[in-house]
Amino acid sequence: MVTIHHYMILSAILFFTGVFGVLYRRNILVIFMSIELMLNAVNLSFVTFARYTQSMDGHVIAFFVMALAAAEAAVGLAILVMLFRNRSTVQADDLRLMRD
Amino acid sequence: MELHLIGLGKAVFIWGLSLTMIPVLIWFERKGSAFIQDRVGPNRAAVLGVRLGGFIHNIADVVKLVMKEMLVPSHVNRWYFVIAPFLGITVVLFAFSVIPWADNLRFSDWNIPMQVSTLNGGVLFILAITSLNVYGIVLAGWSSNNKYSLLGGLRSAAQMVSYEIPLGLSIVGIFMVYGSVQLNEIVRGQGELLFGFLPRWGIFVQPLGLILFMVAAFAETNRNPFDVPEGESEIVAGYHTEYSGVRFALFYMGEYVAIVLASAMIATLFFGGWQVPYFPTEKLVAHAPVVLKILLGAGTVVSLVAGLLCLGYDKRLGHWGDLRDQEGKILAVVAFVACAAHLAGLVFLWGKELPAWGLATVATAAQFGAFIGKLLFFCWFFIWVRWSLPRFRYDQLMRLGWKSLIPLAFANIFFTGVVLVLIDRFRS
Amino acid sequence: MELIVFYILAALAVTGAVVMVTRRNPLNGAFALILSLVSVAGLFAMLHAEFLFILQILLYAGAIMVLIIFTIMLLNLSKEELREPPVGRIRGLIILVASLVGLLGFIRVFRGLPALQAEVDPAFGNIEPVGELMLGNYLYPFEIISVLLLVAVVGVVLLAKKVI
């Protein structure tokens, strides 16, 4: 019998894999994909609780998150391409014009 | 248990159908292009003297492709290079699971839907699955590790993402008119009559939607006039430059299966799917004996005429010097046997009462025939367009998608909504 | 039966996520992430969220990931450009431990939650009820999201275009 606990643990594992990716990796593309993974993990828990409470509000919220992720992907990737054009690097550590 | 068996049978049936359409399409392409360019086309390959107007040529083709070496160049990313061809075709085959090919088969206490899955999301599921289709091409282009292939993959990715939007938006009008996204429900909604004489097909209520959908479907299947990802005059052969043998054949099979899927969607959404015009399911079942007699009688007459025509086909007698000289006679014998079988069936069933399942099956067969007829027409339409129109330039293609199709699709949705509201007001 | 399917999908999702985080080449990572996203879509289907199952494949796997892969292929990074500066053993360890602690904390918080009830309304998660909710109760958020998408489109055009 699958319980909420199963889904929540899976969601937590996915989420913290994403956290680890954001903190550890220096490649902006990978950081970007880690953020997508985190959003996705949150969606999973929304849907799980929607199933538990038998109300579809969670589905609507998850839909909004997906729409947000799409907007974020479009803008983020455009910024990334511009950065690469101007600085020709995708390493987050190299992008510190404001620092020194 | 029985339900599982029926589901399995249906899955095997629709996959078999979509895969058997591939040789038919190749034959269409070969003979159709020959017809359009005023050539003869393939006419040599034969099995026991039977050439079937070049159809047997497909077998020779398959044998050639299987026998060829599957070359893996040394500079490619091996793992992706090998799996890429399989992705495209498997993904498209999944999408067939929601295509209905007849109305529910109803007799005694059975009610079997004639589609593998009655998923509530129907059309959206097809859109979702076909949006995965791009990965095969992108992977092939990237893993080939060569500039032209990469360009092909890039072009394909941009094109597919761009044209998915008009593809999805153009059928929103259909959803609004028929009030469902379930394909079977949409087809059922197309069985009524408009103004009392016109079938309520998608083409008559959504003509602009049909045009938009067709253009977008051509782009999604990477067919001419939108086949820039493999544009051989610009980038060698695009994403499949480095492929050979069966892997190369898989790309072609994937493309043809995608065409079959697009044709099935056009037929289902805009041309009434399995609806026989003016004959809704109840009427078909009620008149099943007559329908059966008409079908068998037509079969008798057609096979008789075909046999006589084959018998008279001897304009190059003695040209080949082998069994192919006798092809007309061989085919005539087959046709006469078919004619006799139809006639025997007609005589046997004359004046007999059909059981309930027999009536339902006859109606289903008639609807399936209508569906296949429409499907074949649109498959031919794809070939026809390919050999008639020149290829777009890449910037023209993007401009068409973003600046023409998408605004038109929005206008279509808006207009449909206004008309629906007005009709509603008018009635109440 | 349900449990077996769940474990298979969960294993695929976690594998995809871990591979995505650890591969150096982002293209490998992107394909691993697609695997993960599709497995989560399967989990949505198991949770009777049919609409979200379709959207997950259509939007995430079919659109967002294609966009990301398109960008990766467009940049076409060389091996040197992909080499990342070393994070440092201590910092790496701290990050790993922090993630693990967070994960364990999460798992502790959610211990002992009840099982999911077996029976569910057949219309649950279908397109019609979700759509009605979206355009009824959540009308304003829905409209705001559409404005946000419009702003994103305009912003991307502004960013990407050299001469306007």
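(A) Examining the overall build of chain B more closely. Across its full length, chain B holds 16 helices and four strands. Its C-alpha atoms put chain B at 75 × 70 × 50 Å along the principal axes. Here chain B, with 428 residues, has 43% of them falling under the buried criterion.

(B) Seen up close, the overall build of chain A. Check the secondary structure of chain A and you find three helices and zero strands. Written out in order from the N terminus, the α and β elements of chain A read α-α-α. Computed over the C-alpha atoms, the radius of gyration of chain A is 17 Å, more than 25% above the 13 Å expected from 2.2 N^0.38 for a compact globule of 100 residues. Expressed as lengths along the three principal axes of its C-alpha atoms, the size of chain A is roughly 55 × 25 × 20 Å. The burial tally for chain A puts 50% of its 100 residues in the buried class. Excluding contacts between residues fewer than 6 apart, the proportion of contacts in chain A whose partners are at least 24 apart in sequence is 45%.

(C) Representation of the confidence of the model for chain B within the structure. Confidence in the prediction for chain B averages 83 pLDDT; 99% of positions are at 70 or higher. Confidence metrics for the complex model read pTM 0.87 and ipTM 0.86.

(D) Layout of the interface of chain C and chain B. Each side of the interface is counted separately: chain C has 17 residues, and chain B has 19 residues. For the side of chain C that touches chain B, the leading source of residues is helix α3 (residues 50-75) of chain C, giving 14 residues. Residue composition of the side of chain C that touches chain B, grouped by class: 14 nonpolar, two polar and one charged.

(E) Main features of the arrangement of the chains. Of all two pairs of chains in contact, the one with the most contacts involves chains A and C. One finds no contact between chain A and chain B; the C-alpha atoms of the two approach each other to within 12 Å at their closest.

(F) Representation of the environment of B:Val362 within the structure. Residue and element names in this part refer to chain B. Within the fold, Val362 resides in helix α15 (residues 356-386). Here Val362 falls in the buried class, since 21 other C-beta atoms lie within 10 Å of it. Through-space distance from the C-alpha of Val362 to that of Val285 is 7.5 Å; in sequence the pair is 77 residues apart. With sequence-adjacent residues up to four places away left out, Val362 is seen in contact with Ala288, Val291 and Leu292.

(G) Fine view of helix α3 (residues 78-95) of chain B. Its axis deflected by about 30 degrees at B:Ala84, α3(B) carries its strongest bend there, up to four residues before the proline B:Pro85. Elements that come into contact with the buried residues of α3(B) comprise α4 (122-131), α5 (134-143) and α11 (245-270) of chain B.

(H) Expanded view of unusual backbone geometry. Non-glycine residue A:Gln54 carries a positive phi angle of around 60 degrees. With respect to the helices and strands, A:Gln54 occurs in the loop between α2 (28-53) and α3 (57-87). Residue A:Gln54 is classed as exposed on the basis of its 12 C-beta neighbours within 10 Å. Unlike most non-glycine residues, C:His48 shows phi in positive territory, near 65 degrees. Mapped onto the elements, C:His48 comes out in the loop between α2 (26-46) and α3.

(I) Region of interest: the interface of chain A and chain C. The interface is formed by 62 residues belonging to chain A together with 70 residues belonging to chain C. Looking at the side of chain A that touches chain C, the elements with two or more residues in it are α1 (4-24), α2 and α3 of chain A. Looking at the side of chain A that touches chain C, its residues break down into 43 nonpolar, 13 polar and six charged.

(J) Broad picture of the environment of B:Gly179. Residue and element names in this part refer to chain B. In this fold, Gly179 is placed in the loop between α7 (172-178) and α8 (183-189). The class of Gly179 is exposed, set by 11 C-beta atoms lying within 10 Å. Residues Gly179 and Gly189, ten residues apart in the sequence, show an inter-C-alpha distance of 8.7 Å.

About the cut-offs
- Positions within a chain are numbered from 1, following the residues in the order the chain's sequence is written.
- For naming, the first written chain is A and the first written ligand is 1, with later ones following in the order written.
- Reporting in this predicted model follows two pLDDT cut-offs: at least 70 for local features of residues, and 80 or more for side-chain atom pairs to be given and counted; totals over whole chains, interfaces and linings ignore these cut-offs and use all residues.
- Helix and strand definitions here come from DSSP, where helices need a minimum of 4 consecutive H or I residues and strands a minimum of 2 consecutive E residues; each element is numbered from the N-terminal end.
- Put plainly, a residue is buried at 20 or more neighbouring C-beta atoms within 10 Å of its own, exposed at 12 or fewer, and partly exposed in between, counting only other residues' C-beta atoms, which are placed from the backbone.
- Here the radius of gyration uses the C-alpha set of atoms, whereas the globule reference equals 2.2 Å times the residue count to the power 0.38.
- Any residue pair is listed as a contact if its two C-beta atoms, each placed from the backbone, are within 7 Å.
- Every residue gets a pLDDT, meaning the predictor's confidence in that residue, from 0 to 100.
- The classification used treats Ala, Val, Leu, Ile, Met, Phe, Trp, Tyr, Cys and Pro as nonpolar, Asp, Glu, Lys and Arg as charged, and all other residues, Gly among them, as polar.
- To obtain the bend at a residue, axes are fitted to the seven residues ending there and to the seven starting there, and the angle between these axes is taken.

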